[in-house]
Amino acid sequence: MTQHNKFIVMIAAALGLLILPHVALYFGQGWVRIIDLALLYVLLALGLNIVVGYAGLLDLGYVAFYAVGAYMMALLASPHLWETFPAIAAMFPNGLHTPIWVVVPLAAGLAAIAGVILGTPVLRLRGDYLAIVTLGFGEIIRVFMNNLEHPVNITNGPRGISAIDSMRIFGFDFGKALTIGDYRLPPVVLYYYLFLLLVVASIIICHRLETSRIGRAWMAIREDDVAAKAMGINVRNMKLLAFAMGATFGGVAGAMFASFQGFISPESFGLMESIMLVAMVVLGGLGHLPGVILGALLLAALPEVLRYVAGPLQNMTGGRLDAAILRQLLIALAMITIMLIRPRGLWPAREHGKAAPNPVAK
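Please read these numbers as outputs of a predicted model, since none were measured by experiment. (Residues numbered from 1 in each chain as written. Predicted model: local features only at pLDDT ≥ 70, side-chain atom pairs only at ≥ 80, totals over all residues. Heavy atoms only, no water.)

Participant: Whenever I open this one, the packing of aromatic side chains confuses me. Can you help?
Facilitator: Working definition: an aromatic ring pair is given by the centre-to-centre distance plus the angle between the planes. Counted under the stated rule, the structure contains 14 aromatic pairs. When the ring of Phe65 is compared with that of Phe137, the centres are 6.1 Å apart and the planes differ by 40 degrees; the resulting orientation is tilted. Residue Phe65 is found in helix H3 (residues 63–76), and its partner Phe137 is found in helix H7 (residues 127–147); the two are separated by 72 residues along the sequence. Judged by its relative accessible area of 1%, Phe65 falls in the buried class. Phe137 gets classed as buried once you look at its relative accessible area, which sits at 15%. Pairing Tyr191 with Phe260 gives two aromatic rings, centres 5.2 Å apart and planes at 70 degrees, and the pair type is edge-to-face. A residue pair is termed long-range when its members are at least 10 positions apart, and Tyr191 in helix H8 (residues 187–210) and Phe260 in helix H11 (residues 235–261) qualify at 69 residues. Of the two residues examined, Tyr191 and Phe260, each falls in the buried class. Among the aromatic residues, ring-to-ring pairing joins Phe172, Phe174, Tyr191, Phe195 and Phe260 into one connected group. (Phe/Tyr/Trp six-rings, centres within 6.5 Å; stacked < 30°, edge-to-face > 60°. Helix = DSSP H or I, 4+ residues; strand = E, 2+ residues; numbered from the N terminus. Buried < 20%, exposed > 50% of the residue type's maximum accessible area, 1.4 Å probe, protein only.)

In structure tokens form, the structure reads like this:
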């Protein structure tokens, strides 16, 4: 493809992304909401791809960083702390309404610290052992959020935190509809553009990381960390950096999720979320940005699309099959089929898994 054709394709894709929420809006705000959540999953998958795809560290507890960012946003932009602690109410008589340029960096920074905390004790672990430890870390964070209401109520336990502020940037509120002439843009459309901007920025960052010395060091560690260490790469620091960088994406996505939903609870950050995120990266293509994005979009949208299939199938059986269980079965069958047909992912990197074109002459 020539440079001119690439430019035309990019312009067409950009226009398509700009008008997509308006087209979906004709079918109902629910479809725009599905697209918004799909973009959040893309952001999460891009962060996990740094850990799993670039550095080769199988992380099954990535949802913990998502939870850290979400709870940071909820605590600093909701009435919960203001109502629970009289000292905070005295300091902020109008309530806690922390602006986005404070909350988001704090969520990213706290998630990065959590990533380093997770990475430090597991530096010598590989494969299944690493997966088990990270899985445990994710469950510890969920249980911690679920029980941290006694003796001091910080997370409100299983009841969750509600009345979370919407995102506000320079006085512009993404939680309020915007009217341009006779055309009304609901909050789900405004959030779509905010999430799209974050995804585009994340793609640029990930691409720059991939082509940088840090990215090449991660890939060397992924292929053989012993050989990478022999070549002078500081394997310990590079692994910690991968955990921290990946966690940062999760923290930002969590803050956006809390603001978008207006309510969070520990149930939103269960084990299945981590498994789905890993499946998005593996299904799309490990270490390949277009593949990871494709995998995230497909697996984020597939459960919602299959709702329209599971319902009629349930009716055909006279209600003997549970629609939710049937939908999970259809998702699993679709994933198994795709992986049997495309074992390296739907859109794998070209250089990944290639053998030498010709044997070396002796």
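Participant: Help me understand unusual backbone geometry, please; the structure alone is not making it clear to me.
Facilitator: Across the junction of His150 and Pro151, the peptide omega takes the value 0 degrees, indicating a cis bond. Within the secondary structure, Pro151 is located in the loop between H7 and strand S1 (168–169). Backbone geometry places Asn156, a non-glycine residue, at a positive phi of 65 degrees. Exposure remark for Asn156: the relative accessible area of 15% places this residue in the buried category. Residue Phe170 is not a glycine yet carries a positive backbone phi of 50 degrees. As for its placement among the helices and strands, Phe170 is situated in the loop between S1 and strand S2 (172–173). Accessibility expressed as a relative area gives 76% for Phe170, which makes it exposed.

Participant: Explain the side chain of Glu210 to me, please; I cannot follow it from the model alone.
Facilitator: Inspection of the secondary structure puts Glu210 in helix H8. For the buried Glu210, no salt bridge exists, and the shortest N-O distance to an oppositely charged side chain is 7.5 Å, to Arg222. In this structure, Glu210 is in contact with Tyr54, Gly215, Arg216, Met219, Gly287 and Leu289, ignoring residues within four places of it in sequence. (Lys, Arg positive; Asp, Glu negative; His and termini not counted. Salt bridge = Lys/Arg side-chain N within 4 Å of Asp/Glu carboxyl O. Contact = heavy atoms within 4.5 Å.)

Participant: Teacher, can you tell me more about the environment of Val152 here?
Facilitator: Its place among the elements puts Val152 in the loop between H7 and S1. Linking Val152 and Phe85, residues 67 residues apart in sequence, is a C-alpha distance of 9.5 Å.

Participant: What is the right way to look at the nonpolar core in this model?
Facilitator: What tends to happen in soluble globular proteins is that the nonpolar side chains get buried as a cluster. Formed by 100 residues in total, the largest nonpolar core has its most connected members in Met167, Ile264 and Phe269. When residues in this core are grouped by element, the largest group, 16 residues, is from helix H2 (residues 29–54). Excluding its chain neighbours within four sequence positions, the residues that come into contact with Ile264 are Ala70, Tyr71, Ala74, Gly160, Ile161, Ile164, Phe257, Ala258 and Phe269. (Core = buried A, V, L, I, M, F, W, Y, C linked by side-chain atoms within 4.5 Å.)

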